[in-house]
Amino acid sequence: MNIIVCIKQVPETTEVRINPETNTLIREGVKSIINPFDMYAIEEGVRLKERFGGKVTIVTMGPPQADGALREAISMGADEGVLVCDRAFAGSDTWATSYTLSGAIKKIGAFDLIICGKQASDGDTAQVGPGISTHLNIPQVTYVKKVEEATDKSMRVERMLEEGFEIIETPLPALLTVVKEINEPRIPSLKGMIRAKAAKIIMWGQKDLDLDPQNIGLCGSPTQVVKIFTPPQRVGGQMLKGEVPEIAAQIVELLRSEVIS
Amino acid sequence: MDYLFTDEQKMIKELAHKIAEEKVRPAAAKYDISEEYPWDVLKVIGESDLFGLFIPEEYGGMGVNITNLCLATEELSRACGGIAVCYAASALGTFPIVLFGNDEQKKKYLPDLASGKKVAAFGITEPEAGSDASAIKTTAKKEGEHYILNGLKHFITNGGDAETYTVIAMTNKDKGARGASAFIVEKGTPGFTFGKKEDKFGIRASSTRELIFTDCKIPAKNLLAKEGMGFIVTMRTFDMSRPGVAAQALGIAQGALELAVKYAKERHQFGKSISSFQGIQWMLADMATEIEAARALVYSCARAIDAGSRDVSKESAMAKMYASDVAMKVTVDALQIFGGYGYMKDYPIEKYVRDAKITQIYEGTNQIQRNIIGLQLIREMAK
């Protein structure tokens, strides 16, 4: 089974601090990590390879330092890493990103399965996975919590939804996005880390991929960010005292004077 | 301080640190209370190849390197001295095979120990033979193609949970220390059973049991080296393993210091963080300095062994003695910084005091280490 896992390098958000004046992330000294949801995607890819044989290729789009994320995935058992990196891709929204990644996947060649994390911890859109499947015109199954069965032509998976579970059978090739309930990502092995350090990362830019220049980077991104802000902190409530009828009267008075007017 | 570790050594440190924080620390209190053997954590350590750090590559390991072993042991011990000793004691039980095993013995036992599928234990101590190892009473009598073992070993770390045991027994009592030999004994051999599991003060995640040999028949080919080599096997093994105990002590001390610094910053008294008081700062400064001195000694010694220096008994003893004395002092001071809270089991620091204490006792008490150092000094003077 040839598996492609798409990952994203994100800032470690557990200890992120916000600059209270500018309301922006303090990025200095913030470590970059693999998007936590993508760790489950990598682990599932490696487990499927261990079950059915084949190869796991990791793909990411990002700046040159995303090389580290690919090597970490290789240390967990993936076979190779592809870094899609070009200034022309800067400013991509989820649409342009999924278009660009689908171009890289086409170049990789034949595959049976693509796995993505359900969403990234920085943007939280959950759109890139489904976007890739749309650009490639293959079925997608989102929020997968278990791969039940797989043959070389189809796969039966369990989805985790807010209202319950769904068992879906999909022909392959297909794209899955996975939730954290699917597995527990492994700690890399020392042999894996040594292999990852020596691994050759494939780097592709715009000229290497067959992409419509109109659909990449900032100009290929229909999304426009109008404003980013931190919602103002809510001030504490006011406690009313007295018997119920008195409080009721106070509430009416307050509503009249402060809210309704 | 930058110890100029190689890229691979930095990788080992990083990997062991990750395992320590993600798997060992969250399990430390649980196993300290339950005294169960931490198989789930050891499985992760095994899958990460760290058991391979004391086993040659041709037998499935990552190559024998004491510095690497110390790096892994220090990091694991930062989070739990008990879980870390299950790991380090497997190295102790494996060294006799690595150092003195023939190819057939190595092929048979080392791959499973390298993968962590099995753990090893070393059996020398007996009720009447602690510091005086020459007083051991366990016998091994040759009968045709077998040896028959009889006797009792006690305080054996990993005893009962290990699959592979290296055991010292007398093959010729008349020869005294020169009449001891080393054997490999597999768990499950008829006549080989386990006694009671000890209820310990510290390192409670690790198991400590008696090994009981009652007409235990083992193949003669399980003899390591030659008859009469038992004490040489033991001494060479301890020379290799003592830096590991030192690294364990170092890790416990480092872990306690980190907790103390964190607590000192969080704890407020007299309207200030207690870390702003010079009295606390000086304690922390002394702790950190002594730890750094111990670390320098441990890694110098480990590097000397890795570089092929054969005469390391003195340095090995110094590292073990100094690092464990530092661990004891530092953990007690760390508890002091925690004040009354530190004395309560709700806080993790009291466990560090309990875990530290054993490092002054096992693999040769610190008094025995001083004997080794003293004797070596006199020998050197006589040269």
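Residues numbered from 1 in each chain as written. Chains lettered and ligands numbered in written order. Predicted model: local features only at pLDDT ≥ 70, side-chain atom pairs only at ≥ 80, totals over all residues.

Counting its secondary structure elements, chain B contains ten helices and ten strands. Taking 2.2 N^0.38 as the reference for a compact globule, 383 residues should give roughly 21 Å; the C-alpha atoms of chain B span a radius of gyration of 21 Å, in line with that estimate. Scored against the burial criterion, the 383 residues of chain B give a buried share of 52%. Long-range pairs, those at least 24 residues apart, make up 76% of the contacts in chain B between residues at least 6 apart in sequence. (Helix = DSSP H or I, 4+ residues; strand = E, 2+ residues; numbered from the N terminus. Rg over C-alpha atoms; globule rule 2.2 N^0.38 Å. Buried ≥ 20, exposed ≤ 12 C-beta atoms within 10 Å, placed from the backbone. Contact = placed C-beta atoms within 7 Å.)

Bringing the overall build of chain A into the picture now. The helix and strand inventory of chain A stands at six helices and 13 strands. Taking 2.2 N^0.38 as the reference for a compact globule, 261 residues should give roughly 18 Å; the C-alpha atoms of chain A span a radius of gyration of 23 Å, well beyond that estimate. Taking the principal axes of its C-alpha atoms as reference, chain A extends roughly 75 × 40 × 40 Å. Taking all 261 residues of chain A together, 36% fall into the buried category. For chain A, the share of sequence-separated contacts (at least 6 apart) that also reach a separation of at least 24 residues comes to 71%.

Once that is clear, we can look at the environment of Glu292 of chain B. All names here are of chain B. Along the chain, Glu292 turns up in helix H7 (residues 278-306). With 14 C-beta atoms counted inside 10 Å, the residue Glu292 sits in the partly exposed group. Counting along the chain gives 176 residues from Glu292 to Gly116, while the straight-line C-alpha distance between them is 31 Å.

On to the packing of helix H6 (residues 230-266) of chain B against helix H8 (residues 313-342) of chain B, then. Residue and element names in this part refer to chain B. Direction vectors running N to C along H6 and H8 enclose 20 degrees, while the axes themselves pass 8 Å from each other. Here H6 lies roughly parallel to H8, going by the angle between them. Both H6 and H8 take part in a crossing whose hand is left-handed. Grouping the constituent residues of the contact of H6 with H8 by class yields 22 nonpolar, four polar and three charged. (Axes fitted to C-alpha atoms, helices over the stretch in contact; angles between N-to-C directions. Parallel < 35°, antiparallel > 145°, perpendicular 65-115°, else oblique. Left-handed = near helix turned anticlockwise from the far one by under 90°. Nonpolar A, V, L, I, M, F, W, Y, C, P; charged D, E, K, R; others polar.)

Another aspect to go through is the nonpolar core. One recurring pattern in soluble globular proteins is that nonpolar side chains are buried together. With 181 residues, the main nonpolar core has Val5 of chain A together with Phe183, Ala253, Val298, Ala323 and Ala334 of chain B as its most contacted residues. For this core, the leading source of residues is H6 of chain B, giving 16 residues. If we skip the residues at most four places from it in the chain, Val298 of chain B touches Cys70, Pro243, Ala246, Ala247, Leu250, Ala319 and Ala323 of chain B. (Core = buried A, V, L, I, M, F, W, Y, C linked by C-beta atoms within 7 Å.)

Turning our attention to the interface of chain B and chain A. A common way to state how big an interface is: give the accessible area lost once the parts meet. Listed per partner, the contact involves 13 residues of chain B and eight residues of chain A. Listing elements by their share of the side of chain B that touches chain A, those giving two or more residues are helix H1 (7-34) and helix H2 (39-47) of chain B. With seven residues, the single largest contributor to the side of chain B that touches chain A is H1 of chain B. Class assignment of the residues belonging to the side of chain B that touches chain A gives a composition of seven nonpolar, one polar and five charged.

With that settled, consider helix H5 (residues 190-198) of chain A. What H5 of chain A keeps buried is the set Leu190, Gly192, Met193 and Ala196 of chain A. Looking straight down H5 of chain A, one finds that the buried residues subtend no more than 155 degrees of arc, so they occupy a single side. Residues of H5 of chain A that are buried in the fold lie against helix H2 (67-75) of chain A together with H1 of chain B. (Arc of directions from axis to C-beta.)

As a further point, take the pairing of strand E11 (residues 165-171) of chain A. Burial analysis of E11 of chain A places just zero of its seven residues in the buried class, which makes it a mostly uncovered element. Linking strand E10 (residues 154-160) of chain A back to E11 of chain A in an antiparallel pair, the connection comprises four residues, with Gly164 of chain A at a positive phi of about 160 degrees. (Pairing = 2+ DSSP bridges.)

Attention shifts here to the domain arrangement of chain B. Residues and elements named next belong to chain B. Here chain B is partitioned into domain 1 (7-118), domain 2 (121-228) and domain 3 (231-382). With centres defined by C-alpha atoms, the gap from domain 1 to domain 3 works out at 20 Å. If you look at the interface, domain 1 gives 25 residues, while domain 3 gives 23 residues. Looking at the side of domain 1 that touches domain 3, the elements that each hand over two or more residues are H1, helix H3 (66-79) and helix H4 (81-100). Counted by class, the side of domain 1 that touches domain 3 contains 15 nonpolar, six polar and four charged residues. (Domains from an automatic or database assignment.)

With that settled, consider the sheet that holds strand E1 (residues 2-7) of chain A. Residue and element names in this part refer to chain A. Sheet architecture is open: nine strands sit in the order E11-E10-E9-E12-E8-E1-E6-E7-E13, paired in mixed fashion. For this open sheet the edge positions go to E11 and strand E13 (202-204), each flanked by a neighbour on one side alone. Neighbouring strand axes in the sheet, compared pairwise and without regard to direction, differ in orientation by 35 degrees on average. Sheet topology places strand E9 (residues 140-150) next to E10; five bridges connect them, and they run antiparallel. Each bridged residue has a counterpart across the sheet, and for Lys146 the counterpart in E10 is Glu158. Across the sheet, helix H1 (residues 36-52) is in contact with E1, strand E6 (55-61), strand E8 (113-117), E9 and strand E12 (174-178); its angle to E1 comes to roughly 170 degrees. Across the sheet, helix H4 (residues 128-136) lies against E1, E8, E9 and E12, angled at about 80 degrees from E9, the strand it touches most.

Residues and elements named next belong to chain B. Tracing the chain through its elements places Ile124 in the loop between strand E1 (120-123) and strand E2 (139-143). The exposure class of Ile124 is buried, given the 25 C-beta atoms found within 10 Å. As a C-alpha pair, Ile124 and Ile203 span 79 residues in sequence and 20 Å in three-dimensional space.

Residue and element names in this part refer to chain B. Two elements in contact, H3 and H6, have axes separated by 7 Å at closest approach and are oriented at 30 degrees. In this structure, H3 meets H6 at a crossing whose hand is right-handed. Contacts between H3 and H6 involve Ile66, Leu69, Cys70, Thr73, Glu74, Glu75, Leu76, Ser77, Arg78 and Ala79 on the former and, on the latter, Met240, Pro243, Gly244, Ala247, Gln248, Leu250, Gly251, Ile252, Gln254 and Gly255. Here the residues of the contact of H3 with H6 sort into ten nonpolar, seven polar and three charged.

As a further point, take the confidence of the model for chain B. Averaged over all residues, the pLDDT of chain B equals 96, while 100% of them reach at least 70. Scoring of the predicted complex yields 0.88 for pTM and 0.87 for ipTM. (pLDDT = per-residue confidence, 0-100.)

All names here are of chain B. Within the secondary structure layout, Leu375 lies in helix H10 (residues 366-382). Looking at Leu375, the number of C-beta atoms within 10 Å reads 13, which means it is partly exposed. Along the primary structure Leu375 and Thr139 are separated by 236 residues, whereas in three dimensions their C-alpha atoms are 29 Å apart.

All names here are of chain A. Note that the residue after Leu172, namely Pro173, is joined by a cis bond; omega there is 0 degrees. Here Pro173 lies in the loop between E11 and E12. With a phi close to 60 degrees, Ala126 is a non-glycine residue in the positive phi region.

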